[in-house]
Amino acid sequence: MAFAQNYPSRPVRLIVGFPPGGAADILGRIAAQQLTERLGQQVVVDNRGGAGGLVAAEIAGRAAPDGYTLLFTSIPHVINPHLYKKVQYDAVKDFAPVAQFVNVPLMMVANPSLPAKTVKELITLVKSRPGQVNYASGGSGASSHLAMELFKSMAGIDINHIPYKGTGPLITDLIAGQVGLTIASAVPLAPQVKAGKLRGMAVTSNKRSPSFPDLPAIAESVPGYEVVNWFGILAPAGTPAAVISRVNAELNNSLNEPRIKESLRAQGADGAGGSAEDYARVIRADFAKWAKVVRDSGARVD
């Protein structure tokens, strides 16, 4: 108990499983800055990119459970174990959920030449042209691939998958009309929609996103559909409950600040918050959900 009361007495390392400059890094640094101010010790971001967050999770999973190594992670944490043959950790058992920080919806967008302007029109179009409509993803097993596979199965339609090596090339070809459709992170797509180069059709959250209030949710046309890329903090299993409670409370307090809400909204992110157990439920549910989607899609990364 004395340890928890004195925590932290030295700098804390926050491992981010993606390179600098991306959404995970930007959001992780916002979280780290807030914790630095509130915990009274420097929270240092340590970028350990590789294999969609797999490398960082393996490092964090082996760290001492003392609260001085934390992992800032996102939905690939519960997808990767189903995609990769060799994973050196258990995504559920080897980590203690601390706090869900934000939710970032994906966005369904199309080239303006696609005849369908709404989700319902898209479903009708695809059913009238089975196997003739193409969609792009950032690669096999990427969230943009699995989100569309879930949509296909729930809507009962068949759309051809064209994988790209990353979201950047995907957007370039989507604008050029080489492919007609994608579901991908809203962060890089939103500026293209705003500029009129792409047509925003819907978001993947279960209701309209405060960041994109004019776009309907896919769930309005396909009830029950939901894909949200959450970002949050995990600790190695066995980390003292009092430490987890402290970090959770400080992160929740930060999410109540208007300036933080505005900073997150600028990134297309909606503050989440809640208890550590709330986050644990999200992780367990998504672990099971994406196991089925990966299995049904046949996605594999070796």
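Going along each chain's sequence as written, the residues are numbered from 1 onward. Local features in this predicted model are restricted to residues of pLDDT 70 or higher, and side-chain atom pairs are both shown and tallied only at a pLDDT of 80 or more, whereas totals for entire chains, interfaces and linings draw on every residue. Hydrogens and waters are ignored; side-chain quantities use all the structure's heavy atoms.

*Asks:* A description of the nonpolar core should follow, citing residues and the corresponding values.
*Replies:* Soluble globular proteins: nonpolar side chains tend toward being buried together. Definition used in this section: a nonpolar core is a set of buried Ala, Val, Leu, Ile, Met, Phe, Trp, Tyr and Cys residues joined via side-chain atoms within 4.5 Å. Exposure is judged per residue with a 1.4 Å probe applied to protein chains only, and the accessible area is read against the type maximum: over 50% gives exposed, under 20% gives buried, and values in between give partly exposed. Phe-151 and Leu-181 are the most contacted members of the largest nonpolar core, which totals 51 residues. Helix and strand labels come from DSSP, where a helix needs a run of H or I of at least four residues and a strand needs a run of E of at least two; each type is numbered from the N terminus. Here the element with the most residues in this core is helix α6 (residues 143–155); it accounts for six residues. Core analysis: the second largest hydrophobic core is formed by 33 residues, Ala-31, Ala-32, Phe-231 and Ile-244 among them.

*Asks:* Can you explain the pairing of strand β8 (residues 199–203)? Please cite residues and give values.
*Replies:* Taken across its five residues, β8 has five buried, putting it largely inside the fold. Pairing between strands requires that DSSP locate at least two bridges from one strand to the other. Sheet analysis places strand β4 (residues 95–110) next to β8, joined by four bridges and oriented antiparallel. Looking across to β8, one finds that Val-109 is bridged to Gly-200.

*Asks:* Please provide a residue-by-residue account of the pairing of strand β6 (residues 160–163), values included.
*Replies:* Strand direction decides the pairing type here: strand β5 (residues 134–137) and β6, joined by four bridges, are parallel. What sits directly across from Ser-137, in β6, is Pro-163.

*Asks:* Describe the environment of Arg-199, naming the residues involved and giving the relevant values.
*Replies:* Mapping Arg-199 onto the fold places it in strand β8. Considered as a pair, Arg-199 and Asn-111 are 88 residues apart in the sequence and their alpha carbons are 6.1 Å apart. By definition, residues are in contact when any of their heavy atoms lie within 4.5 Å. With sequence-adjacent residues up to four places away left out, Arg-199 is seen in contact with Met-108, Val-109, Ala-110, Asn-111, Pro-112, Leu-114, Ala-116, Lys-117 and Val-193. Polar contacts, as counted here, are pairs of nitrogen or oxygen atoms within 3.5 Å of one another; within protein the pair requires one atom able to donate a hydrogen and one able to accept it, and residues that are adjacent in sequence qualify only if both atoms are side-chain atoms. A distance of 2.8 Å separates the side chain of Arg-199 from the backbone oxygen of Ala-116, its partner in a polar contact.

*Asks:* Explain the packing of helix α2 (residues 23–39) against helix α9 (residues 241–255) to me, and be specific about the residues and the numbers.
*Replies:* One can describe the packing of α2 onto α9 by two numbers: an axis separation of 10 Å at closest approach and a directional angle of 110°. Between α2 and α9, the angle is such that the two are roughly perpendicular. Considering the relative orientation of α2 and α9, their crossing is right-handed. Residues Ala-31, Gln-34, Leu-35, Arg-38 and Leu-39 of α2 pack against Arg-246, Val-247, Glu-250, Leu-251, Asn-253 and Ser-254 of α9. Angular values range over 0 to 180 degrees, each being the angle between N-to-C directions of two axes fitted as lines to C-alpha atoms, with helices fitted over their stretch in contact. Each angle is binned into one of four classes, with values under 35 degrees roughly parallel, values over 145 roughly antiparallel, values of 65 to 115 roughly perpendicular, and all other values oblique. Should the near helix be turned anticlockwise from the far one by less than a right angle, the crossing is left-handed, and should it be turned clockwise, the crossing is right-handed.

*Asks:* Let's hear about the pattern of salt bridges: which residues, and what values?
*Replies:* Just to be clear on terms, a salt bridge is a Lys or Arg side-chain nitrogen sitting within 4 Å of an Asp or Glu carboxyl oxygen. In this structure the tally under the stated criterion is 15 salt bridges. Ionic pairing is found between Arg-13 and Asp-46, a salt bridge with its closest N-O pair at 3.1 Å. Placement of Arg-13 in strand β1 (residues 12–16) and of Asp-46 in strand β2 (residues 43–47) is noted, with a sequence separation of 33 residues between them. With its nearest N and O atoms 3.8 Å apart, the salt bridge here joins Arg-265 to Asp-270.

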